[in-house]
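Below, each chain spelled out in residue letters.
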Amino acid sequence: MRDTPAHGSRAGLGSARSGWGRNHSSLGLLPAWTPPSVLRAPERHAAVRVHPSRVSPHLPVAGGSEQGGGLQPARGLQSALRGVPGCCDPAAERAVGSMAGRRARWLSGPGLLALSTLGVCMMLPVSAKRPPKTPPCPPSCSCTRDTAFCVDSKAVPKNLPSEVISLLLNSNKFTLIGDSAFTGLSHLQYLFIENNDIWALSKFTFRGLKSLTHLSLANNNLQMLPRDIFRPLDILSDLDLRGNSLNCDCKVKWLVEWLAHTNTTVAPIYCASPPRFQEHKVQDLPLREFDCITTDFVLYQTLPFPAVSAEPFLYSSDLYLALAQPGASACTILKWDYVERQLRDFDRIPAPSAVHCKPMVVDNQLYVIAAQLFGGSYIYHWDPNTTRFTKLQDIDPQRVRKPNDLEAFRIDGDWYFAVADSSKAGATSLYRWHQNGFYSHQALHAWHRDTDLEFVDGEGKPRLIVSSSSQAPVIYQWSRSQKQFVAQGEVTQVPDAQAVKHFRAGRDSYLCLSRYIGDSKILRWEGARFSEVQALPSRGSLALQPFLVGGRRYLALGSDFSFTQIYQWDDGRQKFVRFQELAVQAPRAFCYMPAGDAQLLLAPSFKGQTLVYRHVVVDLSA
């Protein structure tokens, strides 16, 4: 018995493949003469006849031997077929041998038997071999399976191949790139957005690009970058921002901080503006040069009624606000709702011509002094058992005829309140709490049309300053031996004043005085007298209030003829500078009220609604 060596058969098969190039179908696997029935019914492959004219002269013919009365396929042919897809498993070899034995009579020789067998095997992988599908590609782009290059696009192209790992967007027409512009490109590693006229990117432009390692935004027109724009790029290793017009103001501060801590390699970038930073390397900018925190007063709540005074107070751990409402004939008490973060109605005290409602908490008892222009003034007490205010006592109408302001304070453990009387016949008077009521203690200033009071407790010397519309403000100092106020002098720099308030800045004490005709004044105490440091235009001003919020000092200055001006104190210049304008009509008072984490400024208005503003801190680098 003679067998053809297996390696000889494999060599012959290789030659046959090279010689079949002209006679195969478009798939390169089937002979061109394969009948349609074969393609439709693969289960009948064993009955296929191979036309002799289609046999390549280069096809090797395997020898065989006659044993058992039949023609047996040579083992060399079986070895050769193992190199053909679909003919390498034992089941295929057994099918070849069986078919050869049963159909040998169809052929005129052993060579055609081998050809028939090989044809069957070549038909097996027809369904597995298909040409690669062409990836989708936008009209303005050229794409391969893993690369896309786009030019002259009007927007970031959509429907790019999802397997793209490199994307080039050069010389395009779009100027903005919005949120999630590269959705679906999760395999993208290289992104080059260069030589365009892009001037703005969204904060979430690069969202979803978890595989991105190289990013270039070179040679665009970017003046700023949104804060944390690179945060989604977890494995970014290289970044190029050169060739942009970066404005190195507060909007770039975050980038300076990021560059100092990132592991990403970033080519040197330079500032185009402002002039003081022009041509400076962004990486080298000192963070102390960025003053990016500012503040603002924003309208927080509108109380739909006029009012002429506002006094916040704490009672039983709750925050309240007392408002004088002459139009509603009441002292209105509001309570702060810590859940809703709003002022809510709580109670009302009858007061037909209220000009000031002054709350006082003495020995854990709540009292409200309702000062009225007509009909006398009264003191009310809150009864927690009946949960209502009840009248406690009257204020002598012969002594206090036309009250305009009240001031409450404590000296050496005793509680007092003073009433500024603005009539010609009345007198500004002092009252003292004793056991179960307030009693007249001292007549301070008679017949001078007093308008406002300010208690100052500095250097261990309590003082009371009384402003008047008919003379210069008068300063009283407390005498501990007499237990009374003694006149100390006048503030001669101001001939008249509608309101007087004080504040401290550093070691210095200041007075703020508003005037209805003329400029309002800021005065500094020099140890023995006051000296003027600033004049503020304020025609028609009846109210002003300095206040401190988180280390920042402000001054609210109202007017009957223009909007309210908010000034901020400049420590370097030791003066107030104009900060903001509030649309408050005819304010009669200003009141600062901290409510939890909300810092509020209340502006009661005589002609309009009472407005509540919130102080907010703004980070310009965000």
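Computed from a predicted model, the values in this text were never measured in an experiment.

Enquirer: When you look at the sheet that holds strand β27 (residues 450-458) in this model, what are you seeing that I'm missing?
Expert: With antiparallel pairing, the 4 strands of this open sheet are ordered in space as β27-β28-β29-β30. Every interior strand has two partners, whereas the edge strands, β27 and β30 (484-490), have only one. Strand after strand, the sheet turns through a mean of 25° between neighbouring axes, direction not considered.

Enquirer: Where do I start with the pattern of salt bridges in this structure?
Expert: Pairing between side chains of opposite charge can happen when their charged atoms approach one another. What the rule picks out here adds up to 17 salt bridges. In this structure, the salt-bridge partner of Glu289 is Arg276, at a minimum N-O distance of 3.2 Å. Residue Glu289 is found in the loop between β13 (271-273) and β14 (293-303), and its partner Arg276 is found in the loop between β13 and β14; the two are separated by 13 residues along the sequence. By relative accessible area, which is 32% here, Glu289 ends up partly exposed. Among the ionic pairs, Lys358 bridges to Glu311, the shortest N-O distance being 3.2 Å. In this pair, Lys358 is assigned in strand β19 (residues 354-362) and Glu311 in strand β15 (residues 309-315), connecting sequence segments 47 residues apart. Like Glu311, Lys358 is buried.

Enquirer: Sorry if this is basic, but what is going on with the nonpolar core here?
Expert: Nonpolar side chains tend toward joint burial in soluble globular proteins. Among the nonpolar cores identified, the biggest contains 47 residues, and Leu167, Phe182, Leu191, Phe206, Leu215, Phe230 and Val282 are the most heavily contacted of them. Mapped onto this core, the elements with two or more residues apiece are β4 (147-151), β5 (166-170), β7 (190-194) and α6 (253-261). With 4 residues, the single largest contributor to this core is α6. In this view, Leu191 contacts Leu167, Phe182, Phe206, Leu209, Leu212, His214, Leu215 and Ser216; residues no more than four positions away in its chain are not counted.

Enquirer: Sorry, what's going on with unusual backbone geometry here?
Expert: Most of the time, phi is negative for any residue but glycine, and the peptide bond is trans. Put simply, Ser273 and Pro274 share a cis peptide bond, and its omega is -5°. Relative to the elements of secondary structure, Pro274 occurs in the loop between β13 and β14. The backbone phi angle of Asn219 is positive, close to 60°, even though this residue is not glycine. Structurally, the position occupied by Asn219 is in the loop between β9 (214-216) and β10 (238-240). In this structure, Ser317 takes a positive phi of about 70° despite not being glycine. As for its position among the elements, Ser317 is in the loop between β15 and β16 (318-325). With a relative accessible area of 68%, Ser317 lands in the exposed category.

Criteria and cut-off values
- Here the residue index of a chain counts from 1 through its sequence in written order.
- In keeping with the model being predicted, local features are shown solely for residues with a pLDDT of at least 70 and side-chain atom pairs are shown and tallied solely at 80 or more, while totals for entire chains, interfaces and linings include all residues.
- By convention in this description, side-chain values take in all heavy atoms of the structure and omit both hydrogens and water.
- Should DSSP find at least two bridges between two strands, the strands are regarded as paired.
- Counting from the N terminus, the helices are the DSSP runs of H or I reaching at least four residues and the strands are the DSSP runs of E reaching at least two.
- Comment: axis = line fitted to C-alpha atoms, over the contacting stretch for helices; angle = value between 0 and 180 degrees taken between N-to-C directions.
- We define a salt bridge as a side-chain nitrogen of Lys or Arg found within 4 Å of a carboxyl oxygen belonging to Asp or Glu.
- Residue burial is assigned from relative accessible area. The probe radius is 1.4 Å, only protein chains are included, and a residue is buried under 20% of its type maximum, exposed over 50%, and partly exposed in between.
- By nonpolar core we mean a set of buried residues, namely Ala, Val, Leu, Ile, Met, Phe, Trp, Tyr and Cys, connected to one another through side-chain atoms within 4.5 Å.
- Whether two residues touch is decided by their heavy atoms; if any such pair falls within 4.5 Å, the residues are in contact.

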